[in-house]
Structure formats: structure tokens, C-alpha cells
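Letter by letter, the chains look like this.
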Amino acid sequence: MSVVLALVGRNLRIFFRDALNVFFSLLGAVILFGLYTLFLGNLQTTDLAESLPGATAEGVQAYVDSWMFAGIVLITTVTTGLGALAVLVDDDQSGRFRDFLVAPLRRGQLVLGYLLSAVVVAVVLSFLVLAISILYLGLVRGTWLPLPAIARIVVVVVLSCIAFTSISALIVSFVRTNGAFSGLATIVGTVLGFIAAAYIPIGAFPDAVASVVAALPFAQAGMLMRREFSDGTLAVITADAPGADETLRAFYGIDLSIGEWPVPVWFVVALLVGITVVCTVLSAVRIRGRIR
């Protein structure tokens, strides 16, 4: 186990030493924050204020921001784990695998070192973004998340980091060059905001597209995040509008449906656990085969 921990430490030092790689791992979250701060946030608050005349401008802004930060945290759980796997691709392309093979190391230890370090990066950076989100909502919008909600968010963040990092590891196991990895990271960072319904509320999609997005684990994990981030602020702005709560929950992806089937929480948790097990095994087999 000490060998694995040493490999994890080595991978973490390489990742965090490259400040540009760390920044690009967080770029998706930064872009989403910039989009809502400069453009999309004003559109959302204007539309909501018009449809909810009994809600205050401050309450509407707090709701939109809480919904936005749920998406930011979700995107971070995906992109940071993927960014940490750049060490694996670089070791392969630079020929360091050959150096490892002449050392008294087993391939299983190397694989575990890559996977664990990627999960650690995802969890650490996601917690950092989560802390910033909580402080922003509390200090700027006057909306402090209750401790039970924060505890549930932490559980969702950890589970999402592990599941999405395992997916990333499986995909990266097919990537051979740093250029291909950079292209993959760019595509993921660009597309993720749409397939997780973070850039645009899922209710703005056509019904068929909305059902496809709702069937993906990214939007489903986002649903769990949004419930904890947004439930309190949503209750405030819909207090004087009976029936609006249910409509907004469906429109903003706080409740998801695949066709006519409402997605339950237990299903999302089971799906993330299943993804973790299957993708971890497959990625470990693939990475082990690459280390020759």
C-alpha cells in the first residue's frame, strides 16, 4: 500500500505543479460562471421576475445563482478528474512506462496510483469550488445552505467524482498522445454544460432532447445537486404562486423525467455506483494492458 500511496503522491505533485493544467481542469466551471454573470443570468432573472410578480428581485437572483452553482460544482466533478489523467497520457507518450517496468513495481500498483490520484484531484478541487459556491451564496446573496443540505451535497460530490473519474479513465485509456488528450478535454468541457443541462435549463430543450439528456448520468447527478442547492430559494420565490413550484422544478431540472417516468433519487445513486464499478474494472484492464 505504501507503494501505491507513493505513486499517488507523485502523480498529485506532477498535476498541481502544472498550474495551466489545473486551470484548464476548472475552465468549464469558470466559463459557466462567466456566462451567467455576464449574459445568461440576466435573461433567467428577467424571465422569472415576469412570471412570478410576487417574488422579489433579490429572491429570484438568489434562486438563479443557487441553480447555477449546482451546475458549476457538477461540471467540476467531471473535468477535474479528467484533467488529472493527463499524467497517465504523458507517462505513456514520454516512455516512462518502460522506466516503471524495470523498477520493482507491479502494473496493478501503477494503475491504482493513476486512478486514486485522479479521484483525489477531483474531490479536492470540487470541494474547493463547493466552498466558494457556499460562501458566495451566503455572503453575496444572503442565502446560507443548511448543514444537512451541505452534508448531502458532499456525499453527492464524492460519489460523482468517483463515478465520472472512472468514466474518464476508461475513455482516456484509448488516448495515446497529449494532443489527442487536449482535444478530448476541450470537447468534454464544451459539450458537458449542455448534456448536464447546466448552460440552459432542461425545460428549454425539445421533449425528445430533454428525455435523452435526462437519461444521462451527468444531468441526473446534477438533479441531486440542484435539489440541495435550490430547494430553499425556490420555495421563497414560489410562496405566492401556487403550482409554480412543480413547474419550475421540472423546467430547471430539479426533477427529471425520462419520457413520462420520473427519475427517482435511488435510481441515480444506483446508476452512479454501477458506473463506478463497471468503468473502474474496464479502465483498469485497459490501462494495465498499456503499461508494457
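Residues numbered from 1 in each chain as written. Predicted model: local features only at pLDDT ≥ 70, side-chain atom pairs only at ≥ 80, totals over all residues. Heavy atoms only, no water.

Draft legend 1. Structural view of the nonpolar core. The biggest cluster of nonpolar side chains holds 94 residues, and the ones touching the most others in it are Tyr63 and Phe229. The dominant element in this core, judged by the number of residues it contributes, is helix H4 (residues 57-84), at 14 residues. (Core = buried A, V, L, I, M, F, W, Y, C linked by side-chain atoms within 4.5 Å. Buried < 20%, exposed > 50% of the residue type's maximum accessible area, 1.4 Å probe, protein only. Helix = DSSP H or I, 4+ residues; strand = E, 2+ residues; numbered from the N terminus.)

Draft legend 2. Structural context of the packing of aromatic side chains. The tally for this structure, following the rule as stated, stands at eleven aromatic pairs. Seen from their ring centres, Phe33 and Tyr136 are 6.0 Å apart, and the 90 degrees between their planes marks the pair as edge-to-face. You can see Phe33 sitting in helix H3 (residues 27-51) and its partner Tyr136 sitting in helix H7 (residues 107-139), a full 103 residues away along the chain. Cluster of aromatic residues (ring-pair linked, three or more members): Tyr63, Trp67, Phe251 and Tyr252. Sitting over the ring of Phe174, Arg286 keeps its end group 4.0 Å from the ring centre. (Phe/Tyr/Trp six-rings, centres within 6.5 Å; stacked < 30°, edge-to-face > 60°. Lys NZ or Arg CZ within 6 Å of the ring centre and 35° of its normal.)

Draft legend 3. Structural view of the confidence of the model for the protein. The predicted model of the protein has a mean per-residue pLDDT of 86, with 96% of residues at 70 or higher. Between the elements of the protein, mean pLDDT differs from a low of 70, seen in helix H6 (residues 96-101), to a high of 94, seen in helix H8 (residues 147-172). (pLDDT = per-residue confidence, 0-100.)

Draft legend 4. Highlighting the side chain of Arg10. Tracing the backbone shows Arg10 in helix H1 (residues 2-17). Those residues in contact with Arg10 that sit more than four places away from it in its chain are Val87, Asp91, Arg96, Phe100 and Tyr114. (Contact = heavy atoms within 4.5 Å.)

Draft legend 5. Representation of the layout of surface pockets in the model. Empty space within the largest pocket amounts to approximately 550 Å³. In this structure, the largest pocket is lined by 24 residues; those nearest its centre are Asn21, Phe24, Phe181, Ser182 and Ala185. The set of elements that each furnish at least two residues to the lining of the largest pocket consists of H1, helix H2 (19-25), H3, H4, helix H5 (86-94) and helix H9 (178-195). The class makeup of the residues in the lining of the largest pocket is twelve nonpolar, ten polar and two charged. (1 Å grid on protein atoms, 1.4 Å probe; cavity = no way out; pocket = protein on both sides within 12 Å on 5 of 7 lines; lining within 4 Å. Points joined across faces, edges and corners; volume = space filled by probe spheres on them. Nonpolar A, V, L, I, M, F, W, Y, C, P; charged D, E, K, R; others polar.)

Draft legend 6. Spotlight on the state of the cysteines. Tallied over the entire structure, the rule returns zero disulfides. No disulfide involves Cys161; its sulfur sits 15 Å from the nearest other cysteine sulfur, which is in Cys279. We classify Cys161 as buried; its relative accessible area is 0%. (Disulfide = S-S within 2.5 Å.)

Draft legend 7. A look at H9. For H9, built from 18 residues, the straight-helix expectation of 26 Å at 1.5 Å per residue is met to within 8% by its first-to-last C-alpha distance of 25 Å. Three or more residues of H9 are buried, namely Phe181, Leu184, Leu192 and Gly193. The inward-facing, buried residues of H9 abut H4, H5, H8 and helix H11 (217-237). Ala197 sits one or two residues past H9 and shows a positive phi near 55 degrees. (Expected span 1.5 Å × (residues − 1).)

Draft legend 8. Main features of the environment of Val175. With respect to the element layout, Val175 can be found in the loop between H8 and H9. The buried category is assigned to Val175, whose relative accessible area is 10%. In the structure, Val175 is positioned 86 residues away from Val89 in sequence and 7.1 Å away in space, judged by C-alpha atoms.

Draft legend 9. Layout of the packing of H8 against H11. Where H8 contacts H11, the axes come no closer than 9 Å and their chain directions differ by 165 degrees. Taken as axis vectors, H8 and H11 run roughly antiparallel relative to one another. Our pair here, H8 against H11, has a crossing hand that is left-handed. Of H11, the residues touching H8 (which contributes Ala149, Arg152, Ile153, Val156, Val157, Ser160 and Phe164) are Pro217, Phe218, Ala221, Leu224, Met225, Glu228 and Phe229. A breakdown of the residues in the contact of H8 with H11 according to their chemical character gives eleven nonpolar, one polar and two charged. (Axes fitted to C-alpha atoms, helices over the stretch in contact; angles between N-to-C directions. Parallel < 35°, antiparallel > 145°, perpendicular 65-115°, else oblique. Left-handed = near helix turned anticlockwise from the far one by under 90°.)

Draft legend 10. Just the packing of H1 against H7, in detail. Remark: H1 packs on H7, axes separated minimally by 8 Å, with the N-to-C direction vectors making an angle of 50 degrees. With respect to each other, H1 and H7 are oriented oblique. Helix-helix and strand crossings are classified by hand; for H1 and H7 the assignment is right-handed. Contact residues: Val3, Val4, Leu7, Val8, Arg10, Asn11, Leu12, Phe15 and Phe16 in H1; Gln109, Leu110, Leu112, Gly113, Tyr114, Leu116, Ser117, Val120, Val121 and Leu125 in H7. Here the contact of H1 with H7 is composed, by residue class, of 14 nonpolar, four polar and one charged.

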